[in-house]
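Reading the structure
Now for the letters of each chain:
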Amino acid sequence: MMAETTLKRHPIRGFIWGLITGAGVALLLMVFSVIPLSIPTLGIYTGVSAVLGALWGSFAPPKKPKGVAPTPPPAVPGPA
Amino acid sequence: MRRVRNLLLALGVVTLFTVPPALAQEEEPVVDLMQFIPEQFRGDFADINGDGIPDLGALPPEGVAGIWDDRVGEVTEEGFLQAVSGDFDPADTGSSLTGPCKGVVISYDSEGMSIDAMFDRGGDDPAYDVYGHQAMTRDNPFEVDTGGVLVYFGSTVPETFYDHRWFIKAEGVFGDDGGDPNPRDKNRNAGSVDFGDLLPFQFTALIQAKGAFVDGWGAAELPEMDVYPEPNCAGDGWVKFVGPNPLLTPPGMLAALLAAAGFTGVLFNARPALSWRE
């Protein structure tokens, strides 16, 4: 019998890391003068990135399980 | 064969980065900025770097503040946010400056070498750079070195503003206002702004700015309006703060750190994971 796996999603982590990524990318684009410095623009980049992060944390291809699959316990013989 | 190809590629890259600036430097100025500089200051200027803009020798004196000028600055978060918020339209990539105000602004780096200059002759025309292109547009922003100096001369001739108020703001970044009863009938001013002294650190950014200067407004603060009482000067445009490599400035370092940390977290800490069921 194959060992079973469970899937754990991380939408909150994705949201938070996406928020940080969005703020960083927006600020980088601003200091390189690619986009104008403005608070609403920073908010839009951060918000969109946070949502994308939450989606990534929910629906991205999952990481493979660590370690080797646990061996199922030997079948206990039933009563005769 | 591969060496020749690589050599050609390297030559192409070098040409790409060196030829356009060299061509840009060949542009001839269409305006002699000395005509805008008051006679008593002309001895302090000479075109050292050959860009047609007078470079700076000794720093001229600072402009005189009006009695209603905000000399302390906005010290609370609410006050700051109120000062820098407004009806900005980033889709508007042009610039404007209307009214009798005229003058010249020259921007210098920390070594006193000119990096940009613009002038306005008053009326409804926008400001222009010394090469005859419209200044302060998104494609041709006015460049300001955050470690450098701005030198300006401005006037409202033939008008003289009394009980005037003014404001200038850049979205989310900067706001200032002031005014003066003008009992001494002044209608011109010259001075300098030393960003190297004013700013705690250097940074680079492209910002949209706007401002207005209204005659007869009185001591009350001047709000942002669609139409100001006549006579007035009102304008908006784009300013590019330049300085060292953006990644070597505190905002650039913070941005790089946030982006790297966030991206690492998204990749390695937020991805869904499978685990073996016990």
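Note: the structure precedes this text.
Here's what I pulled together on the structure shown here.

The rules we used
Residues numbered from 1 in each chain as written. Chains lettered and ligands numbered in written order. Predicted model: local features only at pLDDT ≥ 70, side-chain atom pairs only at ≥ 80, totals over all residues. Pairing = 2+ DSSP bridges. Helix = DSSP H or I, 4+ residues; strand = E, 2+ residues; numbered from the N terminus. Contact = placed C-beta atoms within 7 Å. Expected span 1.5 Å × (residues − 1). Buried ≥ 20, exposed ≤ 12 C-beta atoms within 10 Å, placed from the backbone. Arc of directions from axis to C-beta.

As a further point, take the sheet that holds strand β6 (residues 128-129) of chain B. Read from one edge to the other, the open sheet built from 5 strands follows the order β6-β5-β4-β8-β11 (chain B), with strand pairing classed as antiparallel. Strands with a single pairing partner mark the edges of an open sheet, and in this sheet they are β6 and β11 (188-194) of chain B.

This part covers the interface of chain B and chain A. With 35 residues of chain B in contact, the opposing surface of chain A contributes 39 residues. When residues of the side of chain B that touches chain A are assigned to their parent elements, the largest contribution, 12 residues, is made by helix α4 (residues 250-268) of chain B.

Taking 1.5 Å of rise per residue, the 21 residues of helix α2 (residues 39-59) of chain A would be expected to cover 30 Å, and the 30 Å separating its terminal C-alpha atoms lies within 8% of that figure. Looking at α2 of chain A, one finds that the buried residues are Y45, T46, S49, A50, G53, A54, W56 and G57 of chain A. Axial view of α2 of chain A: buried residues confined to an arc of 165°, hence all on one face. Of the exposed residues in α2 of chain A, the ones pointing more than 90 degrees away from its buried face are P40 and F59 of chain A. On its buried face, α2 of chain A sits against α1 (11-31) of chain A together with α4 of chain B.

Turning to the pairing of strand β13 (residues 232-242) of chain B, a few remarks are in order. Residue and element names in this part refer to chain B. The element β13 is largely enclosed, with a buried count of 9 among its 11 residues. Summarising the sheet, strand β3 (residues 96-98) and β13 pair through 3 bridges and their orientation is antiparallel. Looking at the pairing, L97 lines up with G235 of β13. Sheet topology note: the strand β12 (residues 205-214)/β13 ladder contains 10 bridges and is antiparallel. Residue V214 lies in a different strand from β13, and its bridge partner there is N232.

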